[in-house]
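What the coordinates show
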Amino acid sequence: MVPPERISRFLSYLLRHRPKDRPLSFDPWGFAGWEEVAARVRERFPETTEEQIRAVIQDSDKQRFELRKDQVRATYGHSFPVDLGRQNVEPPAELYHGTARDLAQSILREGLRPRGRQHVHLSTILDDAMAVGRRRDPFPAIIVVAAKAAHDRGVRFYSSGPLFLVESVSAEFLSLYRC
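Values in this document were obtained by computation on a predicted structure and should not be read as measured data.

For any two helices packed against each other, one specifies the crossing angle of their axes together with the interaxial distance. In the contact formed by helix α1 (residues 4-17) and helix α2 (residues 34-44), the axes pass within 11 Å of each other and the chain directions differ by 125 degrees. In terms of axis orientation, α1 runs oblique to α2. Note on packing geometry: the crossing formed by α1 with α2 is right-handed. Residues R6, I7, F10, L11, L14 and L15 of α1 touch α2, and the partners they reach there are V37, R40, V41 and R44. In terms of residue class, the contact of α1 with α2 is built from 7 nonpolar, no polar and 3 charged.

Pasting the structure below:
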């Protein structure tokens, strides 16, 4: 049996990055047909059942995916333009962004930008930001975003499950977390 994490990673690859080697047809909101997506997953993992794929989508604690009738999409992390239909929301006072230590100073100077994606992902929980940062650095830097202050000055924040998304945040609203 294929571990759910591997199915989730593959779904993220398919639905967030529009790979040329496994093409899918997307609508403007990032939805692809369920049958087409399930077929691509079964091409990669032939022993995987449709029920296992649905379970990964529906049971994701990070709410990475959305299944509507006969369509599925990633809820964040796209590297191609998608209209997620999100509404601007007021964020908490602070949010966190985990990153590699060698990138922290340039982020503090130049601001947070999505770097090949549509949005920057921000966590409400420090430990979640640390886990994200550890993907690139065993001892990551944590950028603290003065989110409420940025929102009050016109920066638009969007809620996506346990995350907040933002197009960019200027350096004036950023600081380095100190233990």
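The rest of the description comes next.
Here we come to helix α4 (residues 101-110). Within the span of α4, buried status applies to A104, I107 and L108. When α4 is viewed along its axis, its buried side chains cluster within an angular range of 95 degrees and face the same direction. Along α4, exposed side chains directed more than 90 degrees from the buried face belong to D102 and R109. Buried residues along α4 sit in contact with β5 (94-99), β7 (141-146) and β10 (174-176).

For the rest of this paragraph, the subject is the packing of α1 against helix α3 (residues 50-58). The N-to-C vectors of α1 and α3 enclose an angle of 75 degrees; their axes lie 10 Å apart at closest approach. By the angle between their directions, the pair α1 and α3 is classed as roughly perpendicular. For the pair α1 and α3, the contacting residues are P4, I7, S8 and L11 in the first and I53, V56 and I57 in the second. Of the residues assigned to the contact of α1 with α3, the class counts are 6 nonpolar, 1 polar and no charged.

Geometry of an aromatic ring pair is reported as the spacing of the ring centres plus the angle between the planes. For the coordinates displayed, the defined rule picks out 3 aromatic pairs. Between F10 and F45, the ring centres sit 5.8 Å apart and the planes meet at 80 degrees, which makes this aromatic pair edge-to-face. With F10 in helix α1 and F45 in the loop between α2 and α3, this residue pair connects regions lying 35 residues apart in the sequence. The exposure class of F10 is buried, given its relative accessible area of 8%.

Before going further, it helps to examine the environment of D127. Structurally, D127 is set in helix α5 (residues 126-133). The spacing of D127 and I142 is 15 residues in sequence and 9.8 Å in space, taken between C-alpha atoms.

Okay, the sheet that holds strand β1 (residues 32-33) next. The strand order β1-β3-β2 describes an open sheet built from 3 strands, whose pairing is antiparallel. Looking along the sheet, the strands with just one partner apiece sit at the ends: β1 and β2 (65-68). As paired elements, β1 and strand β3 (residues 71-74) share 2 bridges and run antiparallel to each other. Along β3, the bridge assignment pairs A32 with V72.

Counting 27 residues, the largest nonpolar core has L11, L15 and V41 as its most contacted members. Elements supplying a minimum of two residues to this core: α1, α2, α3, β3 and β9 (163-166). With 5 residues, α1 is the single largest residue contributor to this core. Apart from the residues lying within four places of it in its own chain, the contact partners of L15 are L24, F26, A32, V37, F65, V72, R73, A74, H78 and F80. Among the nonpolar cores identified, the runner-up in size contains 19 residues, and L122, A147, F157 and L174 belong to it.

Relative to the helices and strands, A32 resides in strand β1. For the pair A32 and L15, spaced 17 residues apart in the sequence, the C-alpha separation amounts to 7.8 Å. Each residue touching A32, except ones within four places of it in the same chain, is listed here: L15, L24, S25, F26, V37, D70, Q71 and V72.

Each value, and the rule that gives it
- Throughout this document, residue positions are counted from 1 along each chain, in the order its sequence is written.
- Selection of residues for local features in this predicted model requires a pLDDT of at least 70, selection of side-chain atom pairs for listing and counting requires 80 or more, and totals for whole chains, interfaces and linings are taken over all residues.
- With hydrogens and water set aside, each side-chain value is computed from the structure's full complement of heavy atoms.
- Interaxial angle, 0 to 180 degrees, is taken between N-to-C directions of lines fitted to C-alpha atoms, where a helix line uses only the stretch in contact.
- Helix and strand assignments come from DSSP, with helices taken as H or I runs of at least 4 residues and strands as E runs of at least 2, each series counted from the N terminus.
- Angle categories: roughly parallel below 35 degrees, roughly antiparallel above 145, roughly perpendicular from 65 to 115, and oblique for all the rest.
- Helix crossings fall into two classes, left-handed where the near helix is turned counterclockwise from the far one by less than a right angle and right-handed where it is turned clockwise.
- We call two residues contacting when some pair of their heavy atoms lies within 4.5 Å.
- The residue classification treats Ala, Val, Leu, Ile, Met, Phe, Trp, Tyr, Cys and Pro as nonpolar and Asp, Glu, Lys and Arg as charged. All others, Gly included, are polar.
- Burial classes follow relative accessibility: with a 1.4 Å probe on protein chains only, a residue under 20% of its type's maximum area counts as buried, one over 50% as exposed, and anything between as partly exposed.
- By definition, the arc is the one covered by directions from the helix axis to the C-beta atoms.
- Pairing of aromatic rings covers Phe, Tyr and the six-membered ring of Trp, with a centre-to-centre limit of 6.5 Å; geometry is then stacked below 30 degrees between planes, edge-to-face above 60, and tilted otherwise.
- When DSSP locates at least two bridges between a pair of strands, those strands are taken to pair.
- Here the nonpolar core consists of buried residues drawn from Ala, Val, Leu, Ile, Met, Phe, Trp, Tyr and Cys, with membership extended through side-chain atoms lying within 4.5 Å.

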